[in-house]
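The chain contents come next:
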Amino acid sequence: MQGKTKKKPSVGFIIFLVITLAIVGYAIYQFLQPQLKILNLSYFENRLIENAKTPIDNNFFYKVVFDINDYRIRVVESVDGEIDAYAIVANPHVIAKFQTGSALLSPAIKNQLENPNITTYSELVSLAIKTSPSSYLGLSLEKISLLNRYLSLAGAERFSKSFLPSISSADRPSPTFFQYFLSYLPTIVTLLVFIWFIYRINRGSQGGAGFFNPGKNQAIRIKSDKKYSDVAGNVEAKEEIAEFIDYLKNPTRYAAAGAKIPRGILLGGPPGTGKTLLAKATAGEANVPFFFISASNFVELYVGVGAKRVRELFKDARNDSPAIIFIDELDAIGRSRGSGIGGGNDEREQTLNQLLVEMDGMVENSGLLVIGATNRTDVLDPALLRPGRFDRSIIVGLPDVKEREEILKLHAKGKRISKNITLANIAKRTPGFSGAQLANVINEATLLSVREQTQVITNEQIDEAIDRVIGGPAKKNRVITEKERIMVAYHEAGHAVVGLKLKSGVKVQKITIVPRGSSGGYNLMLPEEEKYNSTKSELLASIAAFMGGRAAEEIKYGKAEISSGAANDIEKATKLARKMVTEWGMSTLGPIQYEQDQSSPFLGRDYIKNASFSSKVGHEIDIEIRQIISESYQKAFNTINNNLLLLELIKDTLLEKETIVYEEIQKLAETLAPLPEATKTENEAIKPKEILDEILKFESEAEKDFENS
């Protein structure tokens, strides 16, 4: 059993502990420090009279210190042979009366002295301290120690053989080093707290920028261990960037041909497609300094900081040229200028202006390559995209079926996968998935394998992982009535029947009635072939497939008993029909674009749509949309009515198995008979050597394709 790692105390805790101990120590010191007792003026006068009158040496003053600044008369005297010390609090006028020689004694004191020769207070004090040396030179060591302590408190010199009782005038007593240090302790503590506060601010700032230097370059100079072999797909993007890297390594070859390498590359595309991963691989492939920074790091609270950070970044990069600068999430500072509310000149625009100047201004950027990445190339400022700045714009799109298979193979390295699993089939069932989502599918399947304690990753775990990425974890404990469960099965079976029977329709890859998220089940419907464009017949077939669930409910339960489960289907179908009419010109209104998205980069996407038509045309658009939806719904209704046996068959299979996949759906459609009972086959793990051989073969083929291209 591993012991718990002891957590080291933080700097703040240590400073707090030191301050607390200092305060406690000072309080204890003050408590233990001896103090002069405070007596009144009449007691001092009585002691003066008594010491002046007595002829013996047991009563006399060792020291009388007058301190007008401190309003004190400090006295150390011998009272019947015992050492005593005290302080008299008096105003300066009274102290001066005893100190100077001009102040005459009061009649009361003069009568008590019975000595007409003493007329002033100063003479009285002088008479009270006169004594023979034998009275104090024979003191014991113990009394000498006590006397020195009292003399120190009174602010007088220490006792010695040459010591003589005397009167002295002093300001405040001379402090010791410790007292001097304690007097400055509050200032020292405040200074330490301030220094610690600044230290924490500086340490918490990225890239070394701190409280006193907020404009310091915050880019991180990284050394990546990623290579292009770690990036599956994106062959064109890798080729383009590889050309730039070759220029940075061999600039003379390009200069001899008179070629000027572009200044920058802009990587655009949906999230999770590998833009940042490409940058990491570029850093690993290039043997030049690689500066990484997020665009949001430029803009700060202080005015002018963003522009200064841009200047510092390019200054450092020029000093280390040839070098690569990678700016992630470029849209944070690269949005079109003047598009904000009010169109004011804000800090973000100042930062963008400085970036434009640094990329292509009066200063030459030879040997610098700037790579930017963003999900919103549509909102970038045109000046940023012109030649001389970001010369090449590379769209890193969603992978096609071949690239998805390559990505799955890459992430399957080191995983124990069942021989029954074919990654090509998984690639076909995951259209529209990004590279990040595919990596998550493999990771989720691996986690399920560990949770279920299987030796290998099975087909069922891959299916569950895909479902988790699409709709989240299954809600197996949700309470659902049998009647509602049957209705959900009919609904999903309706989608499947329409997808199977309509020509040019989408094909159902998987049906499940296991609740996920807010839905009671879902259909994974894919087109027969992956295409960039869709025909009108395919779009109408897709709308009909969306309407299949509602049509099945109406056929089995009647119009009065249809459910709200088709809400998402209706939403998708309506959006598709509206685009067909207003954007793609697929209606009787003709090939005219009536609507156009004008997403504001500041107010949000789809906040404003440019509707360039009259109210009459708007009415006609609504009629066309309604007609498309109605005809598609009727087509779905008739298709299901003509295939009720298949509907019932899929429904019964769903109620029994809850989830059926493409192969089982096809078999049901072909045989129109229940599925045979499956024979349990033991999942065998692929040997590590077989996985390695397959990966090496794949990489060698990819390298050959790259060289041939």
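Quick caveat: nothing in here was measured; it's all calculated off a predicted structure.

Participant: So what's going on with helix α22 (residues 567–582)? Residues and values would help.
Facilitator: Here α22 spans 22 Å end to end across 16 residues, near enough to the 22 Å set by a 1.5 Å rise per residue. Those residues of α22 lying buried are D569, A573, L576, A577, M580, V581 and T582.

Participant: Describe the sheet that holds strand β13 (residues 522–526), and please don't skip the residues or the numbers.
Facilitator: On the basis of which strands lie adjacent, the open sheet formed by three strands has the order β13-β12-β16 and antiparallel pairing. The strands lining the two open edges of the sheet, one partner per strand, are β13 and β16 (659–661). Here the strands of the sheet are splayed against their neighbours by 20° on average, with no regard to which way each runs. As paired strands, strand β12 (residues 507–512) and β13 are joined by five bridges and run antiparallel to one another. Each bridged residue has a counterpart across the sheet, and for K510 the counterpart in β13 is L524. Packing against the sheet, helix α19 (residues 459–471) makes contact with β12, β13 and β16, and its axis sits at approximately 95° to β13.

Participant: So what's going on with the nonpolar core? Which residues, and what values?
Facilitator: One finds I511, I543 and I650 to be the most contacted residues of the largest nonpolar core, which totals 48 residues. Among the elements of the structure, α20 (482–501), β12, α21 (536–557), α22, α23 (615–641), α24 (644–657) and α25 (662–671) are those that each provide at least two residues to this core. A total of nine residues in this core trace back to one element, the largest contributor, which is α23. Residues V231, L267, F290 and F326 belong to the second largest nonpolar core, which totals 26 residues.

Participant: Outline the UniProt feature "active site" (unreviewed entry) in the protein, listing residues and values.
Facilitator: On the UniProt side, "active site" (unreviewed entry) is annotated at positions that read E492 here. Here E492 lies in helix α20.

Participant: Account for the pattern of salt bridges, naming residues and giving values.
Facilitator: On inspection of all chains with the given rule, the structure shows 23 salt bridges. A salt bridge links E77 to R47; the shortest N-O distance between them is 3.2 Å. In this pair, E77 sits in strand β3 (residues 72–79) while R47 sits in helix α2 (residues 41–53), placing the two residues 30 residues apart along the sequence. As far as burial versus exposure is concerned, E77 and R47 are alike and both buried. One network of salt bridges, in which partners are shared, links K556, E648, K651 and D652.

Participant: Outline the environment of E240, supporting the account with residue identities and numerical values.
Facilitator: Along the chain, the position of E240 falls in helix α9 (residues 235–249). Taking relative accessible area as the criterion, E240 reaches 27% and is therefore assigned partly exposed. In contact with E240, not counting residues within four places along its chain, are R392 and I394.

Participant: How would you explain the sheet that holds strand β4 (residues 82–89) if you had to name every residue and give the values?
Facilitator: In spatial order, the strands read β1-β4-β3-β2-β5; together these five strands make up an open sheet with mixed pairing. Only two strands of the sheet have a single partner each, and these edge strands are β1 (37–39) and β5 (166–169). In this sheet, adjacent strand axes meet at a mean angle of 25° when their direction is disregarded. Across eight bridges, β3 lies against β4 in antiparallel orientation. From the neighbouring strand, I73 faces β4, where its bridge partner is I88. Sheet strands in contact with helix α3 (residues 92–99) are β2 (60–67), β3 and β5, and its direction is about 135° off that of β2.

Calculation notes
Residues numbered from 1 in each chain as written. Predicted model: local features only at pLDDT ≥ 70, side-chain atom pairs only at ≥ 80, totals over all residues. Heavy atoms only, no water. Helix = DSSP H or I, 4+ residues; strand = E, 2+ residues; numbered from the N terminus. Expected span 1.5 Å × (residues − 1). Buried < 20%, exposed > 50% of the residue type's maximum accessible area, 1.4 Å probe, protein only. Pairing = 2+ DSSP bridges. Axes fitted to C-alpha atoms, helices over the stretch in contact; angles between N-to-C directions. Contact = heavy atoms within 4.5 Å. Core = buried A, V, L, I, M, F, W, Y, C linked by side-chain atoms within 4.5 Å. UniProt positions renumbered as here; feature names shortened; annotations may be inferred. Salt bridge = Lys/Arg side-chain N within 4 Å of Asp/Glu carboxyl O.

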